[in-house]
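As a plain string of letters, each chain reads:
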Amino acid sequence: MSEAPERSMRMSQLAMLAEGSLPRMSQAVGRLEKRGWVRRTPDPTDGRFTLAILTEAGWAKVRETAPGHVEAARTYVFDPLTKAQVRQLTEISRRILRAVDPGNPCPGERPAPG
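Now for a quick tour of the structure. (Residues numbered from 1 in each chain as written. Predicted model: local features only at pLDDT ≥ 70, side-chain atom pairs only at ≥ 80, totals over all residues. Heavy atoms only, no water.)

## Notes on the nonpolar core
- Counting residues in each nonpolar core, the largest one holds 10 residues, listed as A4, M9, M11, L14, A15, M25, V29, V38, A52 and L54.
- Elements supplying a minimum of two residues to this core: helix 1 (11-17), helix 2 (22-34) and strand 3 (50-54).
- When residues in this core are grouped by element, the largest group, three residues, is from helix 1.
- For L54, the residues in contact, after removing those within four places along its chain, are M1, S2, R7, W37, V38, W59 and V62. (Core = buried A, V, L, I, M, F, W, Y, C linked by side-chain atoms within 4.5 Å. Buried < 20%, exposed > 50% of the residue type's maximum accessible area, 1.4 Å probe, protein only. Helix = DSSP H or I, 4+ residues; strand = E, 2+ residues; numbered from the N terminus. Contact = heavy atoms within 4.5 Å.)

## Re the layout of surface pockets
- In this structure, the largest pocket encloses a volume near 160 Å³.
- Ranked by residue count, the leading element in the lining of the largest pocket is helix 2, at four residues.
- Counted by class, the lining of the largest pocket contains eight nonpolar, no polar and no charged residues. (1 Å grid on protein atoms, 1.4 Å probe; cavity = no way out; pocket = protein on both sides within 12 Å on 5 of 7 lines; lining within 4 Å. Points joined across faces, edges and corners; volume = space filled by probe spheres on them. Nonpolar A, V, L, I, M, F, W, Y, C, P; charged D, E, K, R; others polar.)

## Considering a positive patch on the surface
- Residues R24, R31, K34 and R35 make up a contiguous surface patch of positive charge.
- Taking the relative accessible area as the measure of exposure, K34 reaches 76% and is therefore exposed. (Patch = residues over 30% accessible without salt bridge, like charges linked within 9 Å, V, L, I, M, F, W, Y side chains within 5 Å. Areas by Shrake-Rupley, 256 points an atom, 1.4 Å probe, with all protein chains shown as cover. Salt bridge = Lys/Arg side-chain N within 4 Å of Asp/Glu carboxyl O. Lys, Arg positive; Asp, Glu negative; His and termini not counted. Charge placed at Lys NZ, Arg CZ, Asp CG, Glu CD.)

## Examining the packing of aromatic side chains
- Using the criterion set out here, one finds zero aromatic pairs in the structure.
- The ring of W59 has R7 sitting right over it, with the charged end atom 4.0 Å from the ring centre.
- Directly above the ring of F49 sits R10, whose terminal nitrogen or CZ lies 3.8 Å from the centroid. (Phe/Tyr/Trp six-rings, centres within 6.5 Å; stacked < 30°, edge-to-face > 60°. Lys NZ or Arg CZ within 6 Å of the ring centre and 35° of its normal.)

## Side note on the sheet that holds strand 3
- Here we have three strands laid out as an open sheet, ordered 1-3-2, and antiparallel in their pairing. Of all strands in the sheet, those with a lone pairing partner are strand 1 (8-10) and strand 2 (38-42), marking the two edges. Sheet twist, expressed as the average angle between the axes of neighbouring strands with direction ignored, equals 30°.
- One ladder, built from five bridges, connects strand 2 with strand 3; its direction is antiparallel. Looking across to strand 3, one finds that R40 is bridged to A52. (Pairing = 2+ DSSP bridges. Axes fitted to C-alpha atoms, helices over the stretch in contact; angles between N-to-C directions.)

Okay, structure coming up:
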């Protein structure tokens, strides 16, 4: 949600991105709501859907925890790999991203000419 427009996403979209069920996502968002990090509201464009919206307190929590998350990813994912393995992981990740979203260039990659 932190990268979504207006820090808001439909609950169904969040469940899909998390590869989980809508009831499970609803439980998780409920816990975040209790902490004041997220709020839910009907989607104004289609009332059949519910939006999860990251609150200012939630955004502050994201900013607070992001450096630790980055450090943990570096420590547990990248530090154990050789430079060649990091290059392989980069290429594998790009191939997966291209398969998932063919029209969107991968970060750090130049769009194909023509």
